[in-house]
Amino acid sequence: MKLGIPRERREGERRVAATPETVKQLAALGVEILLEEDAGAAAGYPDLAYSQAGAHIVPELDPAQLDVLAHVRPLDPDTARSLKRGAATVGLASPSSELPTVQALADAGVTSFALELVPRISRAQSMDALSSQALVAGYRCVLEAAIRLPRFFPLYMTAAGTVPPARVLVLGAGVAGLQAIGTAKRLGARVLANDIRPASADEVASMGGTFIRLDLETAEAAGGYARQLSSDAGTRQRQLLAPHVAQADVLITTAAVPGRRAPLLVTREMVQGMRAGSVVVDLAAESGGNVEGVVAGQDVPVPTADGSGHVWLVGLKDAPSAMASDASRLYAKNVANLLVLMVREGALAPDFSDEVVAGACLTHDGTVRHQPTADLLAERAGSRREGAL
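Residues numbered from 1 in each chain as written. Predicted model: local features only at pLDDT ≥ 70, side-chain atom pairs only at ≥ 80, totals over all residues. Heavy atoms only, no water.

(A) Fine view of the sheet that holds strand β12 (residues 250–253). With mixed pairing, seven strands are arranged side by side in an open sheet as β11-β10-β9-β12-β13-β15-β14. Strands with a single pairing partner mark the edges of an open sheet, and in this sheet they are β11 (210–211) and β14 (299–303). One ladder, built from four bridges, connects strand β9 (residues 167–171) with β12; its direction is parallel. For L169, the partnering residue across the bridge sits in β12 and is L251. Of the strands in this sheet, β12, β13 (279–282), β14 and β15 (310–315) are in contact with helix α5 (residues 129–148), which crosses β13 at around 155°. (Pairing = 2+ DSSP bridges. Helix = DSSP H or I, 4+ residues; strand = E, 2+ residues; numbered from the N terminus. Contact = heavy atoms within 4.5 Å. Axes fitted to C-alpha atoms, helices over the stretch in contact; angles between N-to-C directions.)

This is the structure:
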């Protein structure tokens, strides 16, 4: 079995789908690993380390010669079409936003495994790439805020006077949010947080934060994810959050609903109510943003309502890639652990009676196995037919 590890092509992406450690792990199973030249260089993993671990370094991967392709970012349709029938892919697929690639994978007869679809059960925790990368993102977003805030995070009592601690508000207490809470607390800030899932209160407290309770409907979906609030409840949520946002020096938003646009939690008016010099970091900027007016990859100055200055609205883009070494270390283990589950005697032999394998499978044998994605493709095809008429 030939496993290919490509050099990621998307602009700004520095992660890699294998490390020398995971190459050793997979090579011990009889897998032949082909690594594209400099695939891990941006993450701090040189070709020499890979070759010493057992990988073969090639100038450029030929997808048509691979049995399995492991990747970080979703593939493009051309790469999907170039894979041989019966080949497999393992990586982040973003199926709801990459429908042309999903269709190309199905048409090419490729068995694709999307790490976003790995079931959230105890046995699959070591394969949960969403959680591992959210951990990195939650840590990074606090550092980005601390760099931009023109104040200290911790309390300082000096002969020249006392500097009060920064007040940090985190909206969304999933993996990224909890890591943000813990990081801000370790930097000495006073941290408050809110999440629409009531079970989050204890988790926030365990990280040293103070949970803000709002008079809202509960909104917890299967697997511990949040679900979208109704329109009226969303409006009420923003009204209740407004005074807390106004008091914050740093606002960090991490709320996401899998497969859908990020919920709007903070309006421009709420941002304008903050003090001049405050910083807003939106971790959901790439999926539409939790904050009105956010632009992924940009810092946008928002004038305060009182005209005293600006609030900086930061749209983080691909935050895990900014810490490519450790992000790759975790991600590569997620990939390898899923492959270990499916490799038998040096060959890929997925057992679809296994709930982890079946749950992670996006396409197989010419069909789209993930029903929500299949439904989206059917809607897309129907719209095209109507347009043609």
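This is not the end of the story, as more comes after the structure.
(B) Representation of the packing of aromatic side chains in the model. Going through the model one piece at a time under the given rule, you end up with two aromatic pairs. Consider the rings of F113 and F352, whose centres lie 6.5 Å apart with planes at 15°: the pair is stacked. Of this pair, F113 sits in strand β6 (residues 111–114) while F352 is found in the loop between β17 (347–348) and α11 (355–360), placing the two residues 239 residues apart along the sequence. The residue whose ring lies beneath R369 is F352, and the NZ or CZ to ring-centre distance is 4.5 Å. (Phe/Tyr/Trp six-rings, centres within 6.5 Å; stacked < 30°, edge-to-face > 60°. Lys NZ or Arg CZ within 6 Å of the ring centre and 35° of its normal.)

(C) Focus on the nonpolar core. Among the nonpolar cores identified, the biggest contains 40 residues, and L3, I5 and L115 are the most heavily contacted of them. Elements supplying a minimum of two residues to this core: β1 (2–5), α1 (20–27), β2 (32–36), α2 (47–53), β4 (68–70), β5 (88–91), α10 (324–342) and α11. Take this core: its biggest share by element is seven residues, from α10. Other than its neighbours up to four places away in sequence, I5 contacts V16, A17, A18, I33, L34, L35, E36, A39, L61 and A70. Counting residues in hydrophobic clusters, the runner-up holds 30 residues, among them V170, L178, V250 and A319. (Core = buried A, V, L, I, M, F, W, Y, C linked by side-chain atoms within 4.5 Å. Buried < 20%, exposed > 50% of the residue type's maximum accessible area, 1.4 Å probe, protein only.)

(D) Looking closely at α1. When we look at burial in α1, the residues that qualify are P20, T22, V23 and L26. One side of α1 carries all its buried residues, which in axial view fall inside an arc of 160°. Lining the buried residues of α1 we find β1, β2, α2 and α10. (Arc of directions from axis to C-beta.)

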